[in-house]
Amino acid sequence: MAPPGQTVLITGARAPVALHLARLLDGAGRRVILADTPAWPIAAASKACARYHRLPPPRFEPQAYAEAVEALIRSEGIELVIPTCEEVFHLAMAWRGRAMLARLFAPGIELLAEVHNKHAFIRLAERLGLAVPETVLLQSTADAQAVRGRSRELVFKPVWSRFASHVLLRPTPDFLDAIAPSPATPWVAQRFVDGEEISAYAVARAGRLKALALYRSLYRAGRGAGIFFERVEDQAARELVERIVAATAWTGQISFDLMHQPDGRVLPLECNPRAVSGLHFFRDAARFADAVLEDGPEVAPDVTTPQTVWLAMWIYGLPAALRSGALGRFRKAMRDGQELLDWPGDPAPVKAQWAALAEIAAVAWRQGISLQAASTRDIEWNGLDDLLEV
């Protein structure tokens, strides 16, 4: 067993950010246990992983999941649990329902749900005095019809969603016939904001910022997650993030989609209370762990090279380049980007991604859904109504 306080459980082992976090904390002398639902998550192949535990799918078996996590905490002597994906919501529910022996590096379920809700988050930012884009809650067909005449000025998206799934970007009115908002499955209509989109990854403790990386995605998996991204600096974006984490006394990881407008203002679009790709810009293990786990000084990103997942670039980036006729730009990105799965002395995860991809592809084929949807199907959080219906 590791010394007291040195054993950490990282969940969401399927995600590259979980792998990166495991490498950082292992490099800082922590004993890292990983857990998730898949049989072959990429992070489990890493030398940073002391042991991998397979868990029940929390979205479909929440009680069994909570019991398995509780047993894991006891058996491994874990004192801190760090979620990386949407299992954070299921963990927060488990912490609310039982006396766990470990701390959860995340807020309670009420705050998590508030910021994840695409309408409630905008109302929160508005209460804090931040400029926000007009955002209207749609809970019925009548609500959707009320904004039908302005559809070309708006972006429509489900309140509970990820990877820009189901987003309608400035659609013609007839596209609204395909959506059916309800109190259980609400949508928002948000004013389209022109400008440069900025993503923010942050870590905070009791409302104090401990790490922040701002970046932009030059290639995405569809409209969703970035697969080639580079750092940016933006003081207005930093101040926005600081204001939200301070006002909510946030503890844990949190990310934002922001829009830098031509006039210099930065507007919040949505929030995800989990890890995102900005984590890959941190490689100083000792300083990161000191800031995040020991309440040391804020740590700045120490990577300047654009980060990418080459496999995802071939799957998503190359077809996009062929459609747009921008093969030269694609080739340059492949030359300039650093494979974010690479790590000195730890080559196994690069090979393990093929088995992980095959497992996700099998789920996608069985369920008749996309690869992206299959990658999070068992951990998604779509509000309490979704859990009750499963």
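Above this text is the structure in question.
Here goes a summary of the coordinates provided. Not measured: the values here are computed from a predicted model.

**Examining the pattern of salt bridges**
And then number 1: Under the criterion given, the structure shown has 27 salt bridges.
And then number 2: A salt bridge links Glu134 to Arg150, with the nearest nitrogen and oxygen atoms 3.1 Å apart. Residue Glu134 is located in the loop between helix H5 (118–127) and strand E6 (135–138), and its partner Arg150 is located in the loop between helix H6 (141–146) and strand E7 (154–158); the two are separated by 16 residues in the primary sequence.
And then number 3: By relative accessible area, which is 29% here, Arg150 ends up partly exposed.
And then number 4: Between Arg208 and Asp295 there is a salt bridge, with its nearest N and O atoms 3.1 Å apart. Of the two residues, Arg208 is situated in strand E11 (residues 208–220) and Asp295 in the loop between helix H8 (285–293) and strand E15 (307–308); the sequence distance between them amounts to 87 residues.

**Re the side chain of Asn117**
And then number 1: Relative to the helices and strands, Asn117 is located in the loop between helix H4 (109–116) and H5.
And then number 2: Side-chain polar atoms of Asn117 contact the backbone nitrogen of His119, separated by 2.9 Å.
And then number 3: Sequence-distant contacts of Asn117, that is, excluding residues within four places in its chain, are made with Val159 and Trp160.

**Overview of the pairing of strand E1 (residues 7–11)**
For a regular strand, side chains alternate in direction, first toward one face of the sheet and then toward the other.
And then number 1: Most of E1 is tucked away, with five of its five residues classed as buried.
And then number 2: Along E1, one buried face is formed by Thr7, Leu9 and Thr11 and the opposite face, lined by Val8 and Ile10, is buried too.
And then number 3: Across five bridges, the pairing between E1 and strand E2 (residues 31–36) is parallel. Its bridge partner being in E2, Thr11 is matched across the sheet by Ala35.
And then number 4: Each parallel crossover has a hand, and the one from E1 via helix H1 (residues 16–27) to E2 is right-handed.
And then number 5: Inspection of the sheet shows E1 paired to strand E4 (residues 80–82) by three bridges, in the parallel sense. Bridged to Val8 within E4 is Leu80.

**Here we look at the sheet that holds E6**
And then number 1: One open sheet accounts for four strands, arranged E6-E9-E7-E8; its pairing is antiparallel. The sheet terminates laterally at E6 and strand E8 (168–169), the two strands that pair on one side only.
And then number 2: The sheet contact formed by E7 and E8 spans two bridges and is antiparallel. In the sheet register, Phe156 faces E8, and the bridge partner there is Leu168.
And then number 3: Taken strand by strand, H5 contacts E6, E7 and strand E9 (187–191), and its axis lies near 145° from that of E6.

**As for the packing of aromatic side chains**
And then number 1: Scanning the model with the defined rule gives eight aromatic pairs in all.
And then number 2: Ring centres of Tyr215 and Phe229 lie 5.4 Å apart, and the angle between their planes is 55°; on these two criteria the pair is classed as tilted. Highlighted residues: Tyr215 in strand E11 and Phe229 in strand E12 (residues 226–231), separated in sequence by 14 residues. A single burial state applies to Tyr215 and to Phe229, both of which are buried.
And then number 3: Arg170 extends its terminal NZ or CZ atom over the ring of Phe192, reaching a point 4.5 Å from the ring centre.

**A few points about the sheet that holds strand E13 (residues 252–260)**
And then number 1: Taking strand neighbours across the sheet as the criterion, the seven strands line up as E14-E13-E10-E11-E12-E15-E16 in an open arrangement whose pairing is mixed. Across the chains shown, the open sheet's two edge strands, defined by having one partner strand only, are strand E14 (266–272) and strand E16 (338–339).
And then number 2: Where strand E10 (residues 196–205) meets E11, seven bridges bridge the pair, whose relative direction is antiparallel. When the sheet's bridge partners are listed, Ala204 is paired in E11 with Leu209.
And then number 3: In this fold H5 packs onto E13 and E14, with an angle of close to 135° to the strand it touches most, E14.

**What to know about the environment of Ser199**
And then number 1: Along the chain, Ser199 turns up in strand E10.
And then number 2: Overall, the relative accessible area of 6% leaves Ser199 in the buried class.
And then number 3: Taking the C-alpha atoms as reference, Ser199 lies 4.9 Å from Asp257; in sequence the two are 58 residues apart.
And then number 4: Setting aside residues no more than four positions away along its own chain, Ser199 makes contact with Ala213, Leu214, Tyr215, Arg220, Phe256 and Asp257.

**Quick notes on the nonpolar core**
And then number 1: Grouped together as the largest cluster of nonpolar side chains are 56 residues, with contacts concentrated most on Ile10, Leu25 and Phe288.
And then number 2: Element by element, the count of residues in this core is highest for H1, at seven residues.
And then number 3: In this view, Phe288 contacts Leu21, Leu24, Tyr201, Val203, Ala211, Leu279, Phe282 and Val299; residues no more than four positions away in its chain are not counted.

Rules behind the numbers
- Residues numbered from 1 in each chain as written.
- Predicted model: local features only at pLDDT ≥ 70, side-chain atom pairs only at ≥ 80, totals over all residues.
- Heavy atoms only, no water.
- Salt bridge = Lys/Arg side-chain N within 4 Å of Asp/Glu carboxyl O.
- Helix = DSSP H or I, 4+ residues; strand = E, 2+ residues; numbered from the N terminus.
- Buried < 20%, exposed > 50% of the residue type's maximum accessible area, 1.4 Å probe, protein only.
- Polar contact = N/O pair within 3.5 Å; in protein donor to acceptor, adjacent residues only side chain to side chain.
- Contact = heavy atoms within 4.5 Å.
- Pairing = 2+ DSSP bridges.
- Right-handed = clockwise from strand over helix to strand, strands pointing away.
- Axes fitted to C-alpha atoms, helices over the stretch in contact; angles between N-to-C directions.
- Phe/Tyr/Trp six-rings, centres within 6.5 Å; stacked < 30°, edge-to-face > 60°.
- Lys NZ or Arg CZ within 6 Å of the ring centre and 35° of its normal.
- Core = buried A, V, L, I, M, F, W, Y, C linked by side-chain atoms within 4.5 Å.

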